Amino acid sequence: MMELSDFCNSFMIFKNGQEAINNLKPIMNTGEQVPDMILLDINMPIMDGWEFLDEFVKIESHKLVTIYIVSSSIDPVDLDRAKRYKSVSNYIIKPISIDTLKEILSTREEKDSAL
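Summarised in this report is the structure supplied together with it.

Quick notes on the rules
Residues numbered from 1 in each chain as written. Predicted model: local features only at pLDDT ≥ 70, side-chain atom pairs only at ≥ 80, totals over all residues. Heavy atoms only, no water. Helix = DSSP H or I, 4+ residues; strand = E, 2+ residues; numbered from the N terminus. Buried < 20%, exposed > 50% of the residue type's maximum accessible area, 1.4 Å probe, protein only. Contact = heavy atoms within 4.5 Å. Salt bridge = Lys/Arg side-chain N within 4 Å of Asp/Glu carboxyl O. Axes fitted to C-alpha atoms, helices over the stretch in contact; angles between N-to-C directions. Parallel < 35°, antiparallel > 145°, perpendicular 65-115°, else oblique. Left-handed = near helix turned anticlockwise from the far one by under 90°.

**Structural notes on the environment of Ile46**
Within the secondary structure, Ile46 is located in the loop between β1 (37-40) and α2 (49-56). Among the residues examined, Ile46 registers a relative accessible area of 69% and is labelled exposed. A sequence separation of 28 residues divides Ile46 from Gln18, and the C-alpha atoms of the two residues are 6.6 Å apart. Once you skip the residues sitting within four places of it in the chain, Ile46 turns out to touch Asn16, Gln18 and Glu51.

As structure tokens, this is what we get:
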């Protein structure tokens, strides 16, 4: 779907939050190829999305990484919890569509042009 929407030039996929932290931490520390955006599922094995966020915000970075939570949960508790993280830009309910990806891109481009 990301290729169909021309969402990005490259992307990394991790099966759980621990794998993501283990791979992103060295990237963030060196400042090389830091992602512009993370689409984060909160329901993952080993380390869930909330645990990932708690670890991710501890990593120093000179680049702002926009995080979108993508979840099937419509629980208001999850929606409120997401708002507590300033790095989380939005909470998107699954299933995610090509139109949603295009909307994310459009919002990102508007923010970039405002800077």
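**Topic: the pattern of salt bridges**
This model, assessed by the stated rule, comprises three salt bridges. Here Lys63 makes a salt bridge to Asp36, at a shortest N to O gap of 2.5 Å. Here Asp36 lies in the loop between α1 (17-30) and β1 and Lys63 lies in the loop between α2 and β2 (66-71), a separation of 27 residues in the sequence. The salt bridge involving Lys94 is made with Asp41; its shortest N-O contact spans 2.6 Å.

**Looking at unusual backbone geometry**
Note on backbone geometry: most residues besides glycine have negative phi, and most peptide bonds are trans. Cis geometry is found at the peptide bond from Lys94 to Pro95, where omega equals 0°. Of note in the backbone geometry, Gln33 takes a positive phi value of approximately 50° without being a glycine. Tracing the backbone through its elements, the reader meets Gln33 in the loop between α1 and β1. Despite not being glycine, Ile46 shows a phi value in the positive range, around 65°.

**Let's talk about the environment of Ser89**
Take Ser89: it is sitting in strand β3 (residues 88-93). On a C-alpha basis, the gap between Ser89 and Cys8 in space is 18 Å, while along the polypeptide they are 81 residues apart.

**A few points about the packing of α1 against α2**
Orientation of α1 relative to α2, taken along the N-to-C sense of each, is 20°, at an axis distance of 10 Å. When the interaxial angle is binned, α1 and α2 end up roughly parallel. Considering the relative orientation of α1 and α2, their crossing is right-handed. In this structure, α1 contributes Gly17, Ala20, Ile21, Leu24 and Met28 to the contact, and α2 contributes Phe52, Glu55 and Phe56.

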